[in-house]
Amino acid sequence: MLDSIFNIDNGYLEGLVRGFKNGILKQTDYLNLVQCETLDDLKLHLQSTDYGNFLANEASPLQVSVIDDKLRDKLVTEFQHLRNHAVEPLATFLDYITYGYMIDNIVLLITGALHQRPISELMPKCHPLGTFEQIEAINVASTSSELYNAVLVDTPLADFFGECVSEQDLDELNIEIIRNTLYKAYLESFYSYCKSLGGTTADVMCEILAFEADRRAFIITLNSFGTELTNEDRKKLYPQCGKLYPDGLAALARADDPENVKQVAEFYTEYRALFEGAGNNPGEKTLEDKFFEHEVKLNVNAFLHQFHFGVFYAYLKLKEQECRNIVWIAECIAQKHRAKIDNYIPIL
Amino acid sequence: MGSLFRSEEMALCQLFLQSESAYTCVSELGELGLVQFRDLNPDVNAFQRKFVNEVRRCDEMERKLRYLEREIRKDGIPVLDTGENPEAPMPREMIDLEATFEKLENELKEVNSNAEALKRNYLELTELKHILKKTQAFFDEREGSLEAGGQTSLTQNLLPEDSKGPIQLGFVAGVILRERIPAFERMLWRACRGNVFLRQAIIEDPLEDPVTGEQVYKSVFIIFFQGDQLKMRVKKICEGFRATMYPCPEAPADRREMAMGVKTRLDDLNTVLSQTQDHRHRVLVSAARNIRAWMMKVWKIKSIYYTLNMFNLDVIQNGLIAECWIPVANLEDVQLALRRGTEKSGSLPAILNRLNTVEAPPTFHRTNKFTKAFQALIDSYGVATYREINPAPYTIITFPFLFAVMFGDLGHGIIMALFGAWMVWREKPLSAKKTDNEIWNIFFGGRYIILLMGLFSMYTGFIYNDVFSKALNIFGSAWHVRSYNESTIMSNKELTLNPGDVQQYDQYPYPFGLDPMWQISSNKINYYNSYKMKISIIFGIIHMLFGVILSVWNYKFFNKQISIYCEFIPQILFLSCLFVYLVLLVFHKWVWYGAGGDVSVSPSCAPSILITFINMVLMKGYENRPDDDCSPYMYAGQFGFQRFLVVVAVICVPWMLFAKPFLIHRNNKRKQMMVQANGGEGVVEEGGETSTVPHEEHDMSEIMIHQGIHTIEYVLGSVSHTASYLRLWALSLAHAQLSEVLWSMVLSIGLTSGSDGGGGGVVMYFIFAAWASLTIAILVLMEGLSAFLHTLRLHWVEFQSKFYSGSGYAFVPFAFETILDQAENAIVET
């Protein structure tokens, strides 16, 4: 795409998203938030940031869940605004972002249905970006082929579902496999879509998505130890658009314990650093946090380029991280458990 | 009295407030609105300040009031705005207020939840009623088809061919949102593999959603199926699409009975509902009467505590210490307000101390409704540095004048002046009508500017003798065609009039403005251009010269003698030697050359001023050709005098560039020598010297660069700024031409059409509408805007760059008035 004509369609939205990005909390804000004694203090401080009066109509005492909901509502409103003003190909790009949430929602609902939870109780837990018309009727399905034929065939996820149609009944493991297969197909499709857009978008997004794919591969492997998932089946779940593909993934497929995974990561400079600093002891950061930090770094870097769609994705992810941070701090304050309050992931 | 010449003198004061009286004192100061408090604890978080709990309580009250207001607005009850301004209540009244709001909120919440439950009930019953009514048709159809035994009905196909008698089909009836029907139907088909039969009917009237209160459109559906498994499935899908299902008895008699029951229950519910609504209405109406005053009270309390949070705590004396900027002229008022505040709370008096400070005080211009708009024009460029010359008073005249030079048309001026006058005349009612229409607010805010611009445009319109591109012949033109006989006049398209001829020109000019004859002459453009070009330059140079002269008052006031000698004098010399001389040449040419005199001063001999000026700067002389009667010089000794002026101007440049840095350097050196001479010798001295010298060097280079930029800016600026004033001519020309085009291309068509007697009036009716709207839209609005912007630029850049630095910050006093305005606007926006 020619950079010079980018602004015709997307200039306004890019400007908007960069403005939104400037409202992301800074280190000083976090330092202030960490000092809060109660959730009302937190609210007072958030009022002085870009969040403004988003909690003004909530009666005290505040609940962490209320804060969480409001944070998410605000982000969703912003994203919907961007989506409503977007034209092709940005519109498709933004839709692609929502598919990930759809997968999560479907899995959440099916799991809930398995545990005999009413759907009305589960719906509020679904991410609003990932809803679609038929979502609430999802518990009609008892096998994955039914799921496909009855519910998903009309949704954008139908394309990703091809590999996991089977007549087996849905159970815990099955659902996990469906989630990961869907996610794999989704990531690969998103990756190739970004590639096809070309230009800076491809450069920035492929970098981020490749990391996302590799992270999934690592986490699938680590979580599979001690379950009945065979190495063969596991291999099928690895998204093949990351930097680990193909050698790293092959090695991961052979891995039998966490040490093996670490050895695989040794071959990749950026992942080696992540694995080296990670640990579960107090004072050390968990691997998950390390991954999050790396993701934040990639997303912040996306803002260093201009005229590309990556900023929209990066903004959403950064903001999600920020919501997680605020909720973490709020939880720590609410539970009077201040020892770990500093374990948020700063967005620089 | 406040004067606009310089900003008000400000004093930094320290306030010692007793903790009992602090609240009332700040409240009084807020009503007064003349004090700007400084935040004395900027490092402290918002939630660690002293009165954070009070602020939070106010937030809570505000939330409750907002909730009340939303409910009031939902019911469309008018909120009474009496315009009264309640005083900030005492802190102890806060508890009462809180209790009142709490009670109201709870009452309202209870009413609402009751109403919601009732409404849900009502909705369900209405839906059931619709189902019973609509499904009747479906059942009739089925039975009809069964009785007929024909193959016409679709339901028939669902039944197995070999069945004996009708198989009992199960069915589910319910109500669903209309927009979800397509997806619902598709899903049913897919999930049940086409083994169900769906009928639907639209409910025409919108139903009210009990939670949001919105009107939604719904449809009745009924699904026929066979077997329990399908039933489960259908029910699940119905739940998934948020369809509400209702039991619907199979037998027609039961249905009828049920419909009757539903109807009576609906009637009962209706009465209960209306009673609940009445109660709610009563509560809200009584709240609506007070809500404005409550809001104001809460805002005031909140702003007071917010201000108190900026104060320092005096631990020893159990008081609060505040620092604030106060206009010196108002110190007395502030003292009085403080006394009132302490009297109210009955504690020890507050103490006001004036502090000495090196900090730059805020800039405060006391404006009235007339000067406010002009001050705003200046402030939007940059708020004046504390106590520097304020260009606003001069702008009051120069701004409309320069605008009018560009906009010179009597007709358009009258329109603009009338509009401005109307806004001024209807000032009170118009300003009371608060609106968030930005364009209107801009126009209304600048009503006095618009009025003045209109009046000045009328004046220049007279001078240009231009009314909608036509001329007014009030005093009788000085040009005549008496000397030509009638046939000459009739047969010639153009006639040349000789100003030297007494028969053709009266030898004295038209008494006021330009002669109307020029409007119809064919060399009108040449004449106007020459005239307007010259007056633009003249006005421009006078304007700039005035700006440079104003800088003297700044230098004098800030005690910068050195700048007068090293900047002001060379600047004014430079400007005078080149550009003021140019203006003098213009006048000389106007006075000296003309028709009817000696040959050497005849129009054909008049030298071009532009060429003369260029040659002057290039120091080029002319050869006096003997065969020519005309002299290339306008007066004797012109060449030598011009050469002298250019030399002076050139000398001014290094004067501006080097004199000031040199003098500063010398002064510094002298000071250093003094220090060295007076101070003893030793380690300290050496150490001091080594540290000061590089610092000195750095300072000098900075001064040098600064001076260089300043000089280049001025020298180049005086050339480019002079040229920039030519926009006066350019815009004026464009305006006159555009209005002439509009006349000749639009209105004159209407005036000439129908000269043969048919329908001219009708054509004119439409043509005039077109002409009038184009005149307003293009000539008055668009051209007015463009002329306005160019005038603004001439003031900001060409005029103010000569003396105005505009690097101050505005005085923002703590005033309830502005705080309430802002809060109210925020409410209007949401």
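Within an unreviewed UniProt entry, the label attached to chain B reads V-type proton ATPase subunit a, and the organism entered is Halocaridina rubra. Word for word, the UniProt comment on chain B under Sequence similarities (unreviewed entry) is "Belongs to the V-ATPase 116 kDa subunit family." The UniProt entry for chain B carries the following text under Subcellular location (unreviewed entry): "Membrane".

Per an unreviewed UniProt entry, chain A goes by the name V-type proton ATPase subunit and belongs to Halocaridina rubra.

Draft legend 1. Region of the structure containing the packing of helix H18 (residues 561–592) of chain B against helix H19 (residues 609–618) of chain B. Residue and element names in this part refer to chain B. Contact geometry for H18 and H19: axes closest at 11 Å, N-to-C directions at 150 degrees. Here the hand of the crossing between H18 and H19 comes out right-handed. Seen from H18, the contacting residues are Cys577, Leu578, Phe579, Tyr581, Leu582, Leu585, Val586 and Lys589; seen from H19, they are Ile609, Thr612, Phe613 and Met616. Looking at the contact of H18 with H19 residue by residue, the classes come out as 10 nonpolar, one polar and one charged.

Draft legend 2. Local environment of the pairing of strand E3 (residues 170–177) of chain B. All names here are of chain B. Of all eight residues that make up E3, six are buried, and the element is covered over most of its length. One ladder, built from eight bridges, connects E3 with strand E7 (residues 218–225); its direction is antiparallel. The partner of Ala173 across the bridge, within E7, is Ile222. In terms of strand pairing, E3 meets strand E8 (residues 244–246) through three bridges, oriented antiparallel. Looking across to E8, one finds that Val175 is bridged to Thr244.

Draft legend 3. Spotlight on the side chain of Arg216 of chain A. Residue and element names in this part refer to chain A. One can find Arg216 in helix H9 (residues 199–224). As a buried residue without a salt bridge, Arg216 has its nearest oppositely charged side chain in Glu212, at a separation of 4.4 Å. Apart from the residues within four sequence positions on either side, Arg216 is in contact with Arg179, Asn180, Tyr183, Leu187 and Pro239.

Draft legend 4. Layout of the packing of aromatic side chains. Counted under the stated rule, the structure contains 68 aromatic pairs over all chains. Geometry around Phe303 of chain A places Lys21 of chain A over its ring, the cationic atom sitting 4.9 Å from the centre. In this structure, Arg447 of chain B packs its charged tip against the face of Phe444 of chain B, placed 4.3 Å from the ring centre.

Draft legend 5. The arrangement of the confidence of the model for chain B in detail. Residues and elements named next belong to chain B. The share of residues in chain B with pLDDT of 70 or more is 92%, and the mean pLDDT across the chain is 84. Below a pLDDT of 50 lies the segment residues 147–165, which in the model reaches 17 contacts outside its immediate sequence neighbourhood of four places, other chains included. For the stretch residues 680–694, pLDDT sits under 50, and the model shows four contacts to residues farther than four places along the chain or on other chains. Scored as a whole, the predicted complex attains pTM 0.74, and scored at its interfaces, ipTM 0.76.

Draft legend 6. Fine view of the nonpolar core. By size, the foremost hydrophobic cluster in this structure holds 147 residues, and its most contacted members are Leu42, Phe93, Phe190 and Phe312 of chain A together with Phe184 and Ile223 of chain B. Formed by 82 residues, the second largest nonpolar core is a distinct cluster that contains Val405, Tyr531, Ala649 and Val780 of chain B.

Draft legend 7. Up close: the environment of Leu582 of chain B. Here Leu582 of chain B is to be found in helix H18. Overall, the relative accessible area of 11% leaves Leu582 of chain B in the buried class.

Draft legend 8. How the structure looks around the interface of chain A and chain B. Contact with chain A, which involves 26 residues of that partner, is made by 25 residues of chain B. Contact with chain B buries area across many residues of chain A, yet Leu44, Glu133 and Val140 of chain A alone supply 25% of it, more than any other trio. Counting every contact that joins chain A to chain B gives one salt bridge. With a shortest N-O distance of 2.5 Å, Arg56 of chain B and Asp41 of chain A are connected by a salt bridge. Inspection of the region where chain A meets chain B yields one residue pair in polar contact (both at pLDDT 80 or more). Elements supplying a minimum of two residues to the side of chain A that touches chain B: helix H3 (39–47) and helix H7 (144–151) of chain A. Residues belonging to the side of chain A that touches chain B are distributed by class as follows: 10 nonpolar, nine polar and seven charged.

Draft legend 9. Quick peek at a nonpolar patch on the surface. Taken together, the side chains of Tyr459, Phe462, Leu472, Ile474, Phe475 and Phe512 of chain B define a hydrophobic patch exposed on the protein surface, amounting to about 550 Å² of accessible area. Tracing the backbone shows Ile474 of chain B in the loop between helix H14 (447–464) and helix H15 (486–491).

Draft legend 10. Geometry of the pattern of salt bridges. Residue and element names in this part refer to chain B. Under the criterion given, the structure shown has 44 salt bridges over all chains. Across the pair Arg63 and Glu60 runs a salt bridge whose closest N-O atoms are separated by 2.9 Å. On the criterion of helical spacing, the pair formed by Arg63 and Glu60 is a turn pair, its members being three residues apart in helix H2 (residues 52–74). No difference in accessibility class separates Arg63 from Glu60, as the two residues are buried. Through salt bridges with shared partners, a single ionic network connects Asp59, Glu62, Arg66 and Lys302.

Draft legend 11. Fine view of the state of the cysteines. The full count for this structure, using the stated rule, is zero disulfides over all chains. Considering cysteine sulfurs only, Cys206 of chain A is the nearest to Cys194 of chain A, which forms no disulfide, with 5.9 Å between them. Owing to a relative accessible area of 0%, Cys194 of chain A belongs among the buried residues under this scheme. We note that Cys13 of chain B lacks a disulfide partner, and the nearest cysteine sulfur, in Cys324 of chain B, lies 5.5 Å from it. The class for Cys13 of chain B is buried, based on a relative accessible area of 0%.

Draft legend 12. Main features of the environment of Gly261 of chain B. Relative to the helices and strands, Gly261 of chain B resides in helix H7 (residues 252–308). Residues Gly261 of chain B and Lys129 of chain B lie 132 residues apart in sequence; the distance between their C-alpha atoms is 9.7 Å.

Draft legend 13. Representation of the environment of Val646 of chain B within the structure. Residues and elements named next belong to chain B. The topology assignment puts Val646 in helix H20 (residues 638–678). According to the relative accessible area criterion, Val646 is buried, its value standing at 6%. When the C-alpha atoms of Val646 and Met619 are compared, they prove to be 8.0 Å apart, with 27 residues separating the residues in sequence. Not counting the four nearest positions on each side in its chain, Val646 is found in contact with Met616, Val617 and Met619.

Draft legend 14. Quick peek at unusual backbone geometry. The peptide bond linking Glu88 of chain A to Pro89 of chain A adopts the cis configuration, its omega dihedral lying at -5 degrees. In this structure, Pro89 of chain A sits in the loop between helix H4 (64–85) and helix H5 (90–114). In this model, Tyr245 of chain A is joined to Pro246 of chain A through a cis peptide bond whose omega is -5 degrees. Structurally, Pro246 of chain A can be placed in the loop between helix H10 (231–237) and helix H11 (247–254). For Ser469 of chain B, which is not glycine, the phi torsion reads 70 degrees and is therefore positive. Tracing the chain through its elements places Ser469 of chain B in the loop between H14 and H15. Phi at Asn559 of chain B is positive, roughly 60 degrees, even though this residue is not glycine. Within the element layout of this structure, Asn559 of chain B appears in the loop between helix H17 (524–557) and H18.

Cut-offs applied
Residues numbered from 1 in each chain as written. Chains lettered and ligands numbered in written order. Predicted model: local features only at pLDDT ≥ 70, side-chain atom pairs only at ≥ 80, totals over all residues. Heavy atoms only, no water. UniProt positions renumbered as here; feature names shortened; annotations may be inferred. Axes fitted to C-alpha atoms, helices over the stretch in contact; angles between N-to-C directions. Helix = DSSP H or I, 4+ residues; strand = E, 2+ residues; numbered from the N terminus. Left-handed = near helix turned anticlockwise from the far one by under 90°. Contact = heavy atoms within 4.5 Å. Nonpolar A, V, L, I, M, F, W, Y, C, P; charged D, E, K, R; others polar. Buried < 20%, exposed > 50% of the residue type's maximum accessible area, 1.4 Å probe, protein only. Pairing = 2+ DSSP bridges. Lys, Arg positive; Asp, Glu negative; His and termini not counted. Salt bridge = Lys/Arg side-chain N within 4 Å of Asp/Glu carboxyl O. Phe/Tyr/Trp six-rings, centres within 6.5 Å; stacked < 30°, edge-to-face > 60°. Lys NZ or Arg CZ within 6 Å of the ring centre and 35° of its normal. pLDDT = per-residue confidence, 0-100. Core = buried A, V, L, I, M, F, W, Y, C linked by side-chain atoms within 4.5 Å. Buried area = accessible area lost by both parts, 1.4 Å probe. Polar contact = N/O pair within 3.5 Å; in protein donor to acceptor, adjacent residues only side chain to side chain. Patch = residues over 30% accessible without salt bridge, like charges linked within 9 Å, V, L, I, M, F, W, Y side chains within 5 Å. Areas by Shrake-Rupley, 256 points an atom, 1.4 Å probe, with all protein chains shown as cover. Disulfide = S-S within 2.5 Å.

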